[in-house]
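A closer look at the structure
Here are the chains, one letter per residue:
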Amino acid sequence: GKGSFMLAALDKEYKMTKLEIGRPAPGPEDVAIDIIYCGMCHSDLSNINGDWGRDKYPLAPGHEIGGVVREVGEKAASKFKVGDNVSVGCMV
C-alpha cells in the first residue's frame, strides 16, 4: 500500500530514510492517527543497533506519539472524533 510516510532505519547505521508505506483501514475498535510528533529514546537506538536480537529492517523507531485522529472505527466513536488531538504512550 501507499499513502503514508515514515522515517525508518534500513540498517544499523542510524541514518533515517523516508519510506512510503500503506496502513490498513481501522477496525471497529481502532483509531487511525496522523502522527505529528514522535519521541525516541535509548531503547529505540538499541533496537536499531540490534542490541536485543532484533535486527529486522526497515525499523521505524519511536514509541510515544502525538497526533490528530484521522479516522474512527464504529465502536471507538463514542470516545474519539475525527480531528481530536491524541497521544499514545509507550505501553499500549
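The coordinates are above.
Regarding the environment of Glu-74
Mapped onto the elements, Glu-74 comes out in the loop between strand E4 (64–72) and strand E5 (85–88). Judged by its relative accessible area of 68%, Glu-74 is exposed. The spatial distance from the C-alpha of Glu-74 to the C-alpha of Asp-30 is 8.4 Å, given a sequence separation of 44 residues.

Re the state of the cysteines
All told, the structure shown has zero disulfides when counted by the stated rule. Cys-38 carries a free sulfur, and the closest cysteine sulfur to it, the one in Cys-41, is 9.8 Å from it. Overall, Cys-38 belongs to the partly exposed group, its relative accessible area being 43%. Note on Cys-41: relative accessible area 32%, which makes it partly exposed.

Examining a nonpolar patch on the surface
Nonpolar side chains collect at one region of the surface, where Tyr-14, Met-40 and Leu-45 lie side by side and expose about 270 Å² of accessible area between them. Turning to its location among the elements, Tyr-14 is positioned in the loop between strand E1 (4–9) and strand E2 (16–21).

Overview of the pairing of E1
Looking at chain direction, E1 and E2 are connected through six bridges and run antiparallel. From the neighbouring strand, Ala-9 faces E2, where its bridge partner is Met-16. The antiparallel pairing of E1 with E2 creates a hairpin that spans six residues between the two strands, and Tyr-14 there sits at a positive phi of about 70°.

Section: the environment of Ala-32
For Ala-32, the location among the structural elements is in strand E3 (residues 31–39). Residue Ala-32 is classed as buried on the basis of its relative accessible area of 8%.

With respect to helix H1 (residues 42–49)
Those residues of H1 not exposed but buried are Asp-44, Ser-46, Asn-47 and Ile-48. If you follow the buried residues of H1, they end up packed against E1, E2 and E3. At the C-terminal side of H1, Gly-50 shows a positive phi close to 80°.

Overview of the side chain of Asn-47
With respect to the helices, strands and loops of the structure, Asn-47 is situated in helix H1. Residue Asn-47 is classed as buried on the basis of its relative accessible area, which comes to 16%.

Focus on the packing of aromatic side chains
Tallied over the entire structure, the rule returns zero aromatic pairs. Stacked on the ring of Phe-5, the Lys or Arg Lys-18 has its end atom at 4.6 Å from the ring centre.

Rules used throughout
- Residues numbered from 1 in each chain as written.
- Predicted model: local features only at pLDDT ≥ 70, side-chain atom pairs only at ≥ 80, totals over all residues.
- Heavy atoms only, no water.
- Helix = DSSP H or I, 4+ residues; strand = E, 2+ residues; numbered from the N terminus.
- Buried < 20%, exposed > 50% of the residue type's maximum accessible area, 1.4 Å probe, protein only.
- Disulfide = S-S within 2.5 Å.
- Patch = residues over 30% accessible without salt bridge, like charges linked within 9 Å, V, L, I, M, F, W, Y side chains within 5 Å.
- Areas by Shrake-Rupley, 256 points an atom, 1.4 Å probe, with all protein chains shown as cover.
- Salt bridge = Lys/Arg side-chain N within 4 Å of Asp/Glu carboxyl O.
- Pairing = 2+ DSSP bridges.
- Contact = heavy atoms within 4.5 Å.
- Phe/Tyr/Trp six-rings, centres within 6.5 Å; stacked < 30°, edge-to-face > 60°.
- Lys NZ or Arg CZ within 6 Å of the ring centre and 35° of its normal.

Read these as spatial facts, not as claims about activity.
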